[in-house]
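Residues per chain are reported as follows:
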Amino acid sequence: MGAGAGAAGALGAAVAALYTATLPPALPGGDAGELITAAYELGISKLGAFCCGLSLCNQHTIVLYIACIVPWVLSRLFRKSELSLGHLLKLGLCFLAGLLPYLYLPASSYLNRARWTWGDQTTFQGFLTHFLREEYGTFNLAKSETGSSMREMLVFQLAQMKSELSLPVLALALVACVSTALPTKQQRSSVIWLFAGMLCLYSLFFAWRANLDITKPLFLGVVERFWLQSNAAVAVLAGLGLAALASVGSAVLEGSRVLPWLEWLSALALLASQVWANYSACDQSNNYVVDKFARNLLSSMPTGAVILLRGDLPGNALRYVHYCEGMRPDITLVDQEMMTYEWYLPKLAKHLPGVYFPGNRWNPVEGVLPDGTLAFNLHRFLKVNKHKEVFVCIGLHEGDSTWRRSYSLWPWGTCEKLVPSDVVFDPGEWIHLTRNLYNWTEDYGSFEPSSWEAVANEEMWQARMKTAFFIFDLAETASVTAEVKSQLYTFAYTSYKEIVNSHPNHPVNWHKNYAIACERMLRLHRVDVDPEVLLSETVKHFLLYAEKAEDDPQRQDILQAVKHLKKELQGLRKRKEDLRRGAG
């Protein structure tokens, strides 16, 4: 919601500046009235400058609006002969005053009391790196993502405007732009051109820099939050369009008392329709999904565990309930990506008691780097912290595979546990240990795919299947005896069967996993499992998967395999029928 708050700040500054520029040239009262007007205009312009600076403390993209607002206001003041060097200096000081919250960053960094922070702002270069978001890329949304094309981004934005603001609002905004060609007041045309310019500049610049693939629902949800800023400009243009229609109406119907009422009723109707259409979606007062996600993960951990975090969802959610709400103070949270930055350990290592860091920075190649930094890899980190149980949530950094020398990853719900390779895996014990890790009651598929709630829900549902999948994969890949392989397949099949039958509405990949497990059991020719049941389950769940996963590139191969399995099932049933008749 940062984009929306920042947009509100910039628009507040714009409205203040606009009000100043569109005041009548003088108030009644001769010279005294003109002095009052001038003083008022100067005061409002200073407030606008302050709001512009303050809005930059919230959202960097506001600078695109400010780049339009500042020259527009200055040109208006210049035309009225109110722009002196002293006034310009005062406006600059007011703008800088709005940026004062940034002083918190070097102060906090110097005191180094925060248990979680980003960057080292004790130096000017460190402050500038943080201010410009250089570690992610200035004005980029992600560090190393390939985004959609500008055309695709703009088409999606237009569709989102239609959905969020409704067609009447867009039509009124268009009326405002068209009205600039009519012989109306110059002041109103100037305001319309300002907001139209802000909208175009922001939309084009953001479509260029937003390096996320918006065909993915979650990334689309991220981008939509930034479109709040352009939607705010469209809303202002819609208001100006309604005023333009009212102005035309008053010129046609002179002296009509109904027209002002119609103007107010139209504005109220548009506002009411927005509230009616969006209130239920915006009302998140009972939404605790991400909170429950974090609490379930922390509750499942053994005493004194170390969690290597990765990604926005586990990182931010777990840090909040751990640091802000004091849950599980015995656990230590270490961010994988942050350990690759030179400032992370010097600033935060002292706030991670009981965890040893054999260097100043995590790097796949350990040793002394050219800049003198002592780097360590994950294998070294695990070795010096072997007194701790270490978990990863969610996944490990792909760039460092040194942990494979002496460790294995075993499933632990949504997370995984790093276990020494010499520890023998007991499938029965691990299934028992991980079966009821979480108390998760949310229905599958009950959230918008573009929301973080949907991501959290998906992770918790897939966690139910992870142990069964791990055991099955072990049976497929491990170099073990035929007897052990058979035991692993049986454990995986039994676990899959229990999970699938316990949850009628579940992720679509469960059908495929369970069908493959049934097919592998058929090959074992076990006497304690009916082959007809296995064949029936294989066919049934492969078909259910093919029906729901239409975009799977293996879909045709699966359907072809199903035809063969159906023939096998028919042959098996025929042989059983022949045996019954022979016995009769």
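Residues numbered from 1 in each chain as written. Predicted model: local features only at pLDDT ≥ 70, side-chain atom pairs only at ≥ 80, totals over all residues. Heavy atoms only, no water.

Undergrad: Residues and numbers for the overall build of the protein chain, please.
TA: Helix and strand counts for the protein chain stand at 21 helices and eight strands. Scaling as 2.2 N^0.38, a compact globule of 584 residues should have a C-alpha radius of gyration of about 25 Å, whereas the protein chain reaches 32 Å, well beyond that. Along the three orthogonal principal directions, the C-alpha set of the protein chain runs to about 115 × 65 × 35 Å. Within the span of the protein chain, comprising 584 residues, buried residues form 44% of the whole. Put simply, 66% of the contacts in the protein chain that link residues at least 6 apart link residues at least 24 apart. (Helix = DSSP H or I, 4+ residues; strand = E, 2+ residues; numbered from the N terminus. Rg over C-alpha atoms; globule rule 2.2 N^0.38 Å. Buried < 20%, exposed > 50% of the residue type's maximum accessible area, 1.4 Å probe, protein only. Contact = heavy atoms within 4.5 Å.)

Undergrad: Help me get a handle on the environment of A171, residues and values and all.
TA: Positionally, A171 belongs in helix 8 (residues 167–179). You can call A171 partly exposed: its relative accessible area is 40%. The sequence separation of A171 and A456 amounts to 285 residues, and the corresponding C-alpha distance is 38 Å.

Undergrad: Describe helix 8, with residues and values.
TA: Spanning 13 residues, helix 8 covers 18 Å between terminal C-alpha atoms, matching the ideal 18 Å at 1.5 Å per step. When we look at burial in helix 8, the residues that qualify are V169, L170, L172, A173, A176 and S179. (Expected span 1.5 Å × (residues − 1).)

Undergrad: Any details on the state of the cysteines? Residues and values, ideally.
TA: One pass over the full model with this rule turns up one disulfide. At a sulfur-sulfur separation of 1.8 Å, the disulfide partner of C393 is C415. Its torsion about the S-S bond being 110 degrees, the disulfide of C393 and C415 is classed as right-handed. In this pair, C393 is assigned in strand 6 (residues 390–393) and C415 in strand 8 (residues 415–420), connecting sequence segments 22 residues apart. Its relative accessible area of 0% is what places C415 among the buried residues. With no disulfide of its own, C94 lies closest to C51 among cysteine sulfurs, the gap being 10 Å. (Disulfide = S-S within 2.5 Å.)

Undergrad: Can you explain the sheet that holds strand 5 (residues 374–376)? Please cite residues and give values.
TA: Here three strands make up an open sheet; going across it, the order is 3-5-4 and the pairing mixed. The open sheet has two free edges, formed respectively by strand 3 (361–362) and strand 4 (367–368), since each of these has just one partner strand. (Pairing = 2+ DSSP bridges.)

Undergrad: Provide a residue-level description of the sheet that holds strand 8, including the pertinent values.
TA: With mixed pairing, five strands are arranged side by side in an open sheet as 2-1-6-8-7. Of all strands in the sheet, those bounded by a partner on one side alone are strand 2 (332–335) and strand 7 (407–412). Across the sheet, the mean angle from the axis of one strand to that of its neighbour is 30 degrees, orientation sign disregarded. Here six bridges tie strand 7 to strand 8, and the two strands are oriented antiparallel to one another. Directly across from P411, in strand 8, lies its bridge partner E416. (Axes fitted to C-alpha atoms, helices over the stretch in contact; angles between N-to-C directions.)

Undergrad: Describe the packing of helix 19 (residues 509–524) against helix 20 (residues 531–548), and please don't skip the residues or the numbers.
TA: Interhelical geometry of helix 19 versus helix 20 gives an angle of 155 degrees and a closest axis separation of 8 Å. It follows from the interaxial angle that helix 19 and helix 20 lie roughly antiparallel. Two packed elements cross with a definite hand, and for helix 19 against helix 20 that hand is left-handed. Contact residues: N509, H511, K512, Y514, A515, I516, C518, E519, M521 and L522 in helix 19; P531, L534, L535, E537, T538, H541, F542, L544, Y545 and K548 in helix 20. Along the lines of polarity and charge, the residues of the contact of helix 19 with helix 20 split into 12 nonpolar, four polar and four charged. (Parallel < 35°, antiparallel > 145°, perpendicular 65-115°, else oblique. Left-handed = near helix turned anticlockwise from the far one by under 90°. Nonpolar A, V, L, I, M, F, W, Y, C, P; charged D, E, K, R; others polar.)

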